[in-house]
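Observations on chain architecture
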Amino acid sequence: MRRNTIACILATFALPFAAKATTVTALHDGWRLQSACTEHAEGAAISVPTFADENWLKISVPSTVLAAQATNKIVPDPYFGMNLRNIPGTSYPIGQNFSNLPMPQDSPYRCGWWYRIEFAAPASAARDQRTSIHFGGINYRGEVWINGHRIADSSTVAGAYRTYEFDVTDYLKAGAKNVLAVETFAPTEKDLGINWVDWNPCPPDKDMGLWGEVNLVTTGAVTVRSPLAVTHFPDASLAAADLTIYAELHNAATHSIKGVVEGTAAGIRFEQPVELGPNEDKTAVFTPAQFPALHVHNPKPWWPYQMGEPHLERLTVSFLEQGAKSDEQTVNFGFREITSELNASGGRLFRVNGKPILIRGAGWSQDMLLRTDDHRLRDQFHLVRDMHLNTIRLEGKLETDDFFHLADEQGILVMLGWCCCDHWEDWKTWTPDDLTIATASLRAQLLRLRSHASLLVWLNGSDNAPPANVEAAYLKVETETHWPNPTLAAASSTNTVGAGLSGVKMTGPYDYVAPSYWYIDQHNGGGFGFNTETSPGPAIPPLASREKFLTDPNAWPPTADWNFHNGGGEFATLKVFDEAMSAIYAQPHSAADYERVAQTMEYDSERAMFESYSRNKYVSTGVIQWMLNNAWPSMIWHLYDYYLDAGAGYYATKKACEPLHLQYSYDDRGIVLVNSTYGEVAGLRASVHVHGASWKELYTADATVNAASDSTQRVFTLPDTLLSGSERIFFVDLALSDSAGRVVSRNFYWVPYTLTSFDWNHTDYTHTPADRHEDLTALANLPPAHVDATAEIERTPQGREVRVHLHNSDQALAFQVRAAARTQSGGLIAPVFWSDNWIELAPGESVTLTAQLPDDAPPDPAIHIEGWNIAPVTLTPHSAMATTQGN
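Now for a description of the structure that goes with this document.

Definitions and limits used
Residues numbered from 1 in each chain as written. Predicted model: local features only at pLDDT ≥ 70, side-chain atom pairs only at ≥ 80, totals over all residues. Heavy atoms only, no water. Helix = DSSP H or I, 4+ residues; strand = E, 2+ residues; numbered from the N terminus. Rg over C-alpha atoms; globule rule 2.2 N^0.38 Å. Contact = heavy atoms within 4.5 Å. Areas by Shrake-Rupley, 256 points an atom, 1.4 Å probe, with all protein chains shown as cover. Lys, Arg positive; Asp, Glu negative; His and termini not counted. Charge placed at Lys NZ, Arg CZ, Asp CG, Glu CD. Salt bridge = Lys/Arg side-chain N within 4 Å of Asp/Glu carboxyl O. Buried < 20%, exposed > 50% of the residue type's maximum accessible area, 1.4 Å probe, protein only. Core = buried A, V, L, I, M, F, W, Y, C linked by side-chain atoms within 4.5 Å. Axes fitted to C-alpha atoms, helices over the stretch in contact; angles between N-to-C directions. Parallel < 35°, antiparallel > 145°, perpendicular 65-115°, else oblique. Nonpolar A, V, L, I, M, F, W, Y, C, P; charged D, E, K, R; others polar. Polar contact = N/O pair within 3.5 Å; in protein donor to acceptor, adjacent residues only side chain to side chain. Disulfide = S-S within 2.5 Å. Pairing = 2+ DSSP bridges.

**Topic: the overall build of the protein chain**
- Looking only at helices and strands, the protein chain has twelve helices and 50 strands in total.
- For a compact globule of 887 residues, the expected C-alpha radius of gyration is about 29 Å, and the protein chain comes in at 29 Å, within 12% of that figure.
- With the C-alpha coordinates of the protein chain rotated into their principal frame, the extents come out at 90 × 65 × 55 Å.
- Long-range pairs, those at least 24 residues apart, make up 72% of the contacts in the protein chain between residues at least 6 apart in sequence.
- Total accessible area on the protein chain is roughly 31,200 Å²; 50% of this is exposed by carbon and sulfur atoms.
- Of the charged side chains in the protein chain, 64 are positive and 101 negative; the average position of the first set lies 4 Å away from that of the second.

**Points about the pattern of salt bridges**
- Per the stated rule, a full pass over the model turns up 40 salt bridges.
- The shortest N-O distance in the salt bridge between arginine 822 and aspartate 645 comes to 3.8 Å. Taken together, the residues span a long stretch of sequence, with arginine 822 in strand β44 (residues 814-822) and aspartate 645 in the loop between β32 (620-625) and α12 (648-656) at a distance of 177 residues. The burial state of arginine 822 is the same as that of aspartate 645; both residues are buried.
- Across the pair aspartate 733 and arginine 746 runs a salt bridge, and its minimum N-O distance is 2.8 Å.

**Brief notes about the nonpolar core**
- In terms of nonpolar packing, the biggest core is built from 263 residues, with Phe135 and Leu180 touching the most fellow members.
- Looking at which element gives the most residues to this core, the answer is helix α11 (residues 591-615), with ten residues.
- When near neighbours in sequence (up to four residues on either side) are disregarded, leucine 180 contacts Leu27, Trp31, Tyr115, Arg116, Ile117, Phe119, Ile133, Phe135, Val144, Trp145 and Val214.
- Counting seven residues, the second-largest nonpolar core is a separate cluster that includes Ala36, Trp56, Trp114 and Ala181.

**Focus on the packing of helix α10 (residues 575-584) against α11**
- Relative orientation of the contacting elements α10 and α11 amounts to 95°, with a least axis distance of 11 Å. Relative to α11, α10 is oriented roughly perpendicular. Residues Phe577, Asp578, Ala580 and Met581 of α10 pack against Tyr594, Val597, Ala598, Met601 and Glu602 of α11.
- Residues that form the contact of α10 with α11 fall into these classes: seven nonpolar, no polar and two charged.

**Some thoughts on the environment of asparagine 485**
- Structurally, asparagine 485 can be placed in the loop between α6 (468-480) and β30 (487-488).
- In sequence terms asparagine 485 and valine 230 are 255 residues apart; their C-alpha atoms lie 9.4 Å from each other.
- With near-sequence residues (within four places) excluded, asparagine 485 lies in contact with Arg336, Ile338, Leu455 and Leu456.
- There is a polar contact of 2.7 Å between the side chain of asparagine 485 and the side chain of arginine 336.

**What to know about the state of the cysteines**
- Considering all chains together, one arrives at two disulfides under this definition.
- Bridging cysteine 37 to cysteine 111, the disulfide has an S-S length of 1.7 Å. Looking along the S-S bond of the cysteine 37-cysteine 111 disulfide, the torsion reads about -90°, which is the left-handed sense. Of this pair, cysteine 37 sits in the loop between β3 (31-35) and α1 (43-46) while cysteine 111 is found in the loop between α2 (65-71) and β6 (113-120), placing the two residues 74 residues apart along the sequence.
- We classify cysteine 37 as partly exposed; its relative accessible area is 44%.
- There is a disulfide in this structure between cysteine 420 and cysteine 421, and the S-S distance comes to 2.1 Å. Measuring handedness by torsion sign, the sulfur bridge of cysteine 420 and cysteine 421 sits at about -80° and is left-handed.

**Observations concerning unusual backbone geometry**
- Look at the link from tryptophan 556 to proline 557: it is a cis peptide, with omega at 0°.
- On the secondary structure map, proline 557 appears in the loop between α8 (543-546) and α9 (560-564).
- With an omega of 10°, the peptide bond running from tryptophan 626 to methionine 627 counts as cis.
- Relative to the assigned elements, methionine 627 resides in the loop between β32 and α12.

**Side note on the sheet that holds strand β28 (residues 413-417)**
- Sheet architecture is open: seven strands sit in the order β30-β29-β28-β27-β26-β32-β31, paired in parallel fashion. Where the open sheet ends on each side, the last strands, each with one partner, are β30 and β31 (529-534).
- Sheet topology note: the β28/strand β29 (residues 455-459) ladder contains four bridges and is parallel. Counted as the bridge partner of glycine 417 is leucine 459 from β29.

**Examining the sheet that holds strand β17 (residues 257-265)**
- Pairing is antiparallel in the open sheet, where four strands are placed in the order β18-β17-β21-β22. Each end of this open sheet is capped by a strand with a single partner; those strands are β18 (268-276) and β22 (324-333). Shown here is a sheet whose adjacent strand axes are inclined to one another by a mean of 15°, direction ignored.
- Bridging between β17 and β18 involves nine bridges; their strand directions are antiparallel. Note that in β18 the partner of valine 261 across the bridge is glutamine 272.

**Brief notes about the pairing of strand β10 (residues 149-158)**
- When strand β9 (residues 141-146) meets β10, the two strands line up antiparallel, connected through five bridges. Looking across to β10, one finds that isoleucine 146 is bridged to histidine 149.
- Taking the residues between adjacent antiparallel strands as the criterion, β9 and β10 are bridged by two residues, where asparagine 147 takes a positive phi near 50°.

**Considerations on the side chain of aspartate 738**
- By the element assignment, aspartate 738 lies in the loop between β38 (729-737) and β39 (743-752).
- Judged by its relative accessible area of 18%, aspartate 738 is buried.
- A distance of 3.0 Å separates a polar atom in the side chain of aspartate 738 from the backbone nitrogen of alanine 740.
- Discounting chain neighbours no more than four positions away, the residues touching aspartate 738 are Gly683, Leu684 and Val744.

Below you can see the structure in the form of structure tokens.
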């Protein structure tokens with residue numbers, strides 16, 4: 001087909017810039033920023049070299065407007081205390097979804113904001129050489145000017161998730177100073193913008209600006225974009241794979257061009273002649289039927305890291321005209337095929353290369369100001385793998401190319417799709433322009449991302465499925481872009497004619513429920529089917545983190561500063577969590593009490609959530625914790641906090657998802673062995689010990705078991721006679737050793753005599769309330785324990801490692817013992833990767849914990865040891881013996 005152009009300048013529309021072109025110059029530094037309410041000049045004047053911008057703000061791109069202001073300290077740190085509320089334009093009600101509200105009349109972000117940069121253009125070396133400017137993301141509308149000429153207006157540049165490529169060849173001055181100026185406009189409440197739902201506040205600029213990379217790209221007349229290699233395995237042996245290659249071609253010239261498309265995929269060469277008419281777009285396709293070499297023998301598959309090696313190959317596609325290379329693109333790809341099906345219970349089951357996989361993941365958030373940091377990104381992928389999670393879900397928040405490259409390399413699957421709760425799902429009010437922008441956004445993102453091995457599924461809706469006309473438009477784009485993976489209509493159980501049965505559920509809970517909920521519930525969020533987002537709710541950061549974002553981190557009761565960092569909507573308070581804490585455990589009397597009990601509650605319910613889905617595989621097929629991380633410092637929904645400090649929920653997840661795992665079932669008192677590896681493991685030794693509150697042994701058993709590949713099996717069932725005595729709390733201590741005697745799983749539970757009973761009739765999307773809470777108040781009265789602790793530090797190939805040796809020299813249990821690395825003044829060190837944490841020490845037991853420190857940790861970290869019934873102690877590695885004693 002041919003595409004209309006704006007004055008022959010808009011060469012390709014919504015075709016993303018892939019990995020490599022002939023010459024790429026990143027326009028990253030040297031930008032200036034100014035409000036159009038302050039600068040009244042027109043684009044024609046702003047975009048020429050003689051324009052004076054000395055008084056404009058110096059910035060780098062990508063950057064939203066508010067991110068640039070925060071970097072330059074024009075506004076106070078938006079993340080600290082309630083500073084965000086003091087930024088002009090933040091007058092919307094606390095807890096409401098600003099995406100659905102108009103920009104306040106007094107907001108400085110109602111104006112357009114100008115981005116301006118001066119740059120040198122390359123000298124032309126060939127008759128058909130073309131230079132384009134690529135925009136990776138403009139939120140929301142924009143006007144683009146170069147050297148006094150407007151090359152796109154706000155009817156052309158519209159949509160936060162579109163990408164743009166403008167041919168500016170005829171307007172550049174080779175070897176001279178050139179000027180690019182972009183006026184950006186924030187999304188309105190009726191636009192398809194970037195939405196934070198109830199996760200955190202929306203910044204007052206609604207993330208307006210150049211949030212994606214800007215690049216100057218020089219090629220020949222014919223460009224190559226979005227190369228894709230699609231794998232199909234004819235049978236389960238994986239001994240052969242059929243590859244189909246796609247690439248998008250565009251002829252920017254006003255005359256026809258004949259040439260050759262050639263390339264290599266995993267070293268296999270292919271080529272074919274192609275002719276493109278003036279300004280024509282065409283998809284080049286190479287199939288195994290046409291090119292037998294693409295029927296590949298003995299390929300090395302790509303696997304999620306828990307299933308095997310995430311092996312990547314290279315795909316290169318070039319266009320040559322009369323033997324001269326016009327453009328070339330190279331991407332990584334994997335020999336992998338992802339499919340999905342409905343199991344017997346109607347749950348959506350995914351397969352990778354024919355093998356089933358239980359999806360265990362969490363929901364990802366970008367930074368609230370869309371700031372990026374490569375080191376931080378790598379740390380977060382390390383945290384994901386350390387928890388043994390295999391999937392990240394993106395609800396909107398379609399991340400950078402670096403994110404997806406890391407996912408490919410590290411074998412982490414990615415669920416992605418559109419966001420809920422604003423104009424994206426308010427289809428009844430859509431205009432024809434909205435549908436155009438939505439489909440163009442979808443096309444841009446699928447073309448940008450489709451080559452990545454890590455992509456699991458695309459969701460066309462989140463809480464709701466699109467209506468028939470929108471779904472048909474989406475499905476058409478997905479067909480035209482040769483999307484190689486499954487698609488679902490929504491992240492909820494909404495079914496559609498176009499996509500059929502979703503096989504997933506979005507039934508909550510999102511707030512605290514007792515651990516037994518995940519086993520007992522049979523109709524909502526319990527451990528069956530595929531739950532695309534669910535959570536036991538709040539996650540209270542430690543004091544060292546709270547000191548970084550609260551004016552009063554030790555306040556009790558919590559102040560407005562604390563509450564402002566809760567969620568929005570129904571999650572603006574922690575009422576459900578706090579009431580459960582007081583009823584089940586104890587009424588806290590200080591911030592330290594609150595943090596300690598909160599961490600234990602998070603551990604107990606987070607672990608049970610993942611374990612229930614593991615036990616029930618493949619009646620259960622997936623669970624996504626809501627969420628993995630936060631966009632800003634928050635009291636809810638994370639496994640590690642904004643500063644990358646891992647709390648108890650993190651270590652509960654790491655425990656629950658370990659490769660070989662022995663676990664307790666709250667519904668039937670079964671002890672179950674879960675093998676999450678894809679190999680049989682023989683000669684395992686499982687043991688269970690049950691004690692009462694005074695540490696009297698009530699039951700013990702052991703057995704030798706073999707674990708089949710990707711399996712679950714019941715090993716023991718605790719007897720009914722345990723419930724016939726006077727004990728009101730049971731400590732269930734589980735251990736699993738391999739054939740060499742090495743402990744591969746250690747798991748400890750505190751189980752009440754009477755479990756929580758639930759008021760099922762009053763279930764809502766947030767949670768199921770308790771009709772009667774369980775009673776664990778005895779934990780507050782555990783006898784004191786004495787723990788000897790020493791620490792040492794050593795440099796290893798992975799960096800500095802701390803080893804903490806703990807020994808319980810008492811006759812009492814040491815409960816929920818936690819180790820933390822801090823500066824000598826008590827400041828945060830993060831991320832720290834502990835081998836285990838929030839552990840229990842039986843009388844006479846010794847344990848060694850190891851921790852990998854970050855590169856920027858101080859040379860003399862302090863190690864804090866705390867617990868429910870031990871006195872806190874601070875160690876310096878290599879220090880003398882220290883003793884902790886309960887009060």
